[in-house]
Amino acid sequence: MAIVQNNITVFGEEIIDQSAIDQLKRCVSEEDIGVLTADAHYGYAHPIGGAVAYKNKVSLSGVGFDIGCGNKAVRTDIMASDVKIGRVMDEIVSTIGFGVGRPNPKRIDHPVLDHINKAEFKPQREMRKLAVEQLGTVGSGNHFIDLFEDEKGFLWVGVHFGSRGFGHKTASGFIALSQGLSFFDKAKEGSMDAPPILFDIDSELGQDYIAAMSLAGEYAYAGRDVVVEKVLGILGGKATEVIHNHHNFAWFERHQGEDYWVVRKGCTPAFPGQKGFIGANMSDNSVIIEGVESELSIRGLYSTVHGAGRVLSRRAAAGKTKWIRDKKGVKRKTVVSPGLVDFDAVQQRMKAQGIELRGAGADEAPEAYKKLEDVLKYQGNTIKVLHTLRPLGVAMAGEDVYDPYKD
C-alpha cells in the first residue's frame, strides 16, 4: 500500500509520476522525513502532495506561492431537496468574485485586516490595500465554491482557495530576499527542479518568513470564512458542522519523538480524530475524512491527500493558450493549439448528471484528474471516510478569467 525507503514514505507509488518522487528526494536530507500522498504530482521545487519534516529549517518551496491554500466545508441545516440549486449558483457567481478581474463589490471589515496593518513583518503592511480588495474572492485554477448533498440528504457548502495576491506577493518577496534582493524586487525565476528554498529557523530571515507565512495563513482562513458565510446568507441557513484546514503551510510539530517544522504542499493534516474535507473533481463525489492512529499514519507524518491529483497538465488538457490584450487593454485567452479535452462534451455530461456548473474550463475537466476513490485506497489505514458528498453545484473561475495569483 505504501513504499517505505529509509526516511521517505510514498503512498500509491504506481500512480505517481517518477518526476514527483525524484523531486521529493531532492527536498529531503538524512535528518528529514519525506512523504508523498497518492494524489502527488510534479510541482515547483517541491512536489504537490508532498510533506517534509525539517530539523531547524522551514521551506518556502514546500509552502508554495498560495500560502494557506486549503479547504473548508460546512454541513447546513437545510435539506438539499428544498433548494433551487441553479438559482443559488447564479447568485453565488454574481455576488462573489473569482480571479482578479472583479474585486469584492462590498468592502469587508475583518480583524485580519487590522493584523495586516500592524504586521510583524513590516513589508506586509504595504499590501493592505490588495488584501482589502481580495478578501473573500476565490481565485481561479482549481479553486471553487461547491454545493453537495450528503448520504442523509443535508446540503453542504465546500470551498477551496488560499491567500490570493497577499500570499503570492509574500512568497515572491521572500524568494527575492533569498537572492539578496529587497522584498519588493522582482526575483529571478528558478527551474521546476531547483533545490528547495530553505530558511534556518534561528535566522532573522527564517523568523521573518514564519511570521509573514502565519499572517498569510490567517488571511486565507478569513477569506474562506467570509465566502462560506456569504453562501450561507444566500441559502438562508446555518452551519451545523464545520471542517477547515490549510493544505499549503508549515507547522511546528512533534513526530517520532522529535520536533520538526513540517511543510505540507497539497497535503491535508490528518492527525487522529482530525477531520478534513477532500474535494474530488467537478463531477465525482467528495468526502469528509478523519485521521486514525496507525503505524502507517506515523510514517506518513499524519498527512493525507488534498484532492484527487492531476493526471493531465493544464496545457495538455486545455491546449496551448496565450493571453493577449484587446483594443480596450483587457487580457483575453486565445487558444494557439487545442488540448485533449472537449469541454463542450464535459458540460453536457455535467448537465446530464444534474450538476449546475458555473465557469471552469477544459483544464479543470474530470478527465484531467485521478479518481478520488482510487487515490484514497492507497492511503491505507491512515484515514476513514465519514461522509460522501455528491456534487450539486460547482462554481469556478471561467477559462477567460486572468489570474496571476494561482499556485
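Bear in mind that the values here come from a model prediction, so they are computed numbers and not experimental data. (Residues numbered from 1 in each chain as written. Predicted model: local features only at pLDDT ≥ 70, side-chain atom pairs only at ≥ 80, totals over all residues. Heavy atoms only, no water.)

A description of the sheet that holds strand E12 (residues 258-265) should follow, citing residues and the corresponding values.
Pairing within the open sheet is mixed, and its 6 strands lie in the order E1-E2-E3-E4-E12-E11. The sheet is open, and its two borders are formed by strand E1 (2-5) and strand E11 (248-255), each paired with just one other strand. Recorded for the sheet is a direction-independent mean angle of 15° between the axes of neighbouring strands. Here strand E4 (residues 48-54) pairs with E12 via 5 bridges, running antiparallel. Note on E12: the bridge partner recorded for Ala51 is Arg264. (Pairing = 2+ DSSP bridges. Helix = DSSP H or I, 4+ residues; strand = E, 2+ residues; numbered from the N terminus. Axes fitted to C-alpha atoms, helices over the stretch in contact; angles between N-to-C directions.)

Break down the pattern of salt bridges for me, citing the residues and quoting the values.
Under the counting rule described, the total for this entry stands at 17 salt bridges. Among the ionic pairs, Glu241 bridges to Lys275, the shortest N-O distance being 2.8 Å. Of this pair, Glu241 sits in strand E10 (residues 239-246) while Lys275 is found in strand E14 (residues 275-278), placing the two residues 34 residues apart along the sequence. On the basis of relative accessible area, Lys275 is assigned to the partly exposed category, the value being 32%. The network of salt bridges with shared partners includes Arg310, Arg314, Asp363 and Glu364. (Salt bridge = Lys/Arg side-chain N within 4 Å of Asp/Glu carboxyl O. Buried < 20%, exposed > 50% of the residue type's maximum accessible area, 1.4 Å probe, protein only.)

Let's hear about the packing of aromatic side chains: which residues, and what values?
Applying the stated criterion across every chain yields a total of 14 aromatic pairs. When the centroid spacing of 5.3 Å and the interplanar angle of 50° are considered together, the rings of Phe166 and Tyr219 count as tilted. Here Phe166 is found in helix H6 (residues 164-178), whereas its partner Tyr219 is found in helix H7 (residues 204-235), with 53 residues between them in sequence. Look at Phe249 and Trp251: their rings are 5.4 Å apart centre to centre, the planes differ by 70°, and that puts the pair in the edge-to-face class. Grouping aromatic residues by their ring pairs yields a cluster made of Phe121, Phe174, Phe183, Phe184, Phe199 and Tyr209. (Phe/Tyr/Trp six-rings, centres within 6.5 Å; stacked < 30°, edge-to-face > 60°.)

Can you explain the layout of surface pockets? Please cite residues and give values.
To find the voids left in a structure, one rolls a probe of water-molecule size over its atoms. There is about 340 Å³ of room inside the second largest pocket. Lining the second largest pocket are 16 residues, with Ser172, Gly173, Asp185, Lys186 and Ala187 positioned closest to its centre. Looking at the lining of the second largest pocket residue by residue, the classes come out as 7 nonpolar, 4 polar and 5 charged. (1 Å grid on protein atoms, 1.4 Å probe; cavity = no way out; pocket = protein on both sides within 12 Å on 5 of 7 lines; lining within 4 Å. Points joined across faces, edges and corners; volume = space filled by probe spheres on them. Nonpolar A, V, L, I, M, F, W, Y, C, P; charged D, E, K, R; others polar.)

Give a description of helix H3 (residues 85-95) that names residues and reports values.
Every buried residue of H3 is listed here: Ile85, Gly86, Val88, Met89 and Ile92. Along H3, the residues classed as buried sweep out an arc of 160° about the axis, all on the same side. Here the buried face of H3 lies against strand E7 (144-149), strand E8 (154-161), H7, strand E19 (356-360) and strand E20 (383-398). (Arc of directions from axis to C-beta. Contact = heavy atoms within 4.5 Å.)

Give a description of the nonpolar core that names residues and reports values.
Grouped together as the largest cluster of nonpolar side chains are 50 residues, with contacts concentrated most on Val58, Phe166, Phe174, Tyr209 and Met213. At 9 residues, the largest contribution of residues to this core is made by H7. Residues within four places of Tyr209 in sequence aside, it is in contact with Val58, Ser59, Leu60, Val63, Phe174 and Phe199. In terms of nonpolar packing, the next biggest core, distinct from the first, is built from 45 residues, Ala317, Val346, Tyr369 and Leu376 among them. (Core = buried A, V, L, I, M, F, W, Y, C linked by side-chain atoms within 4.5 Å.)

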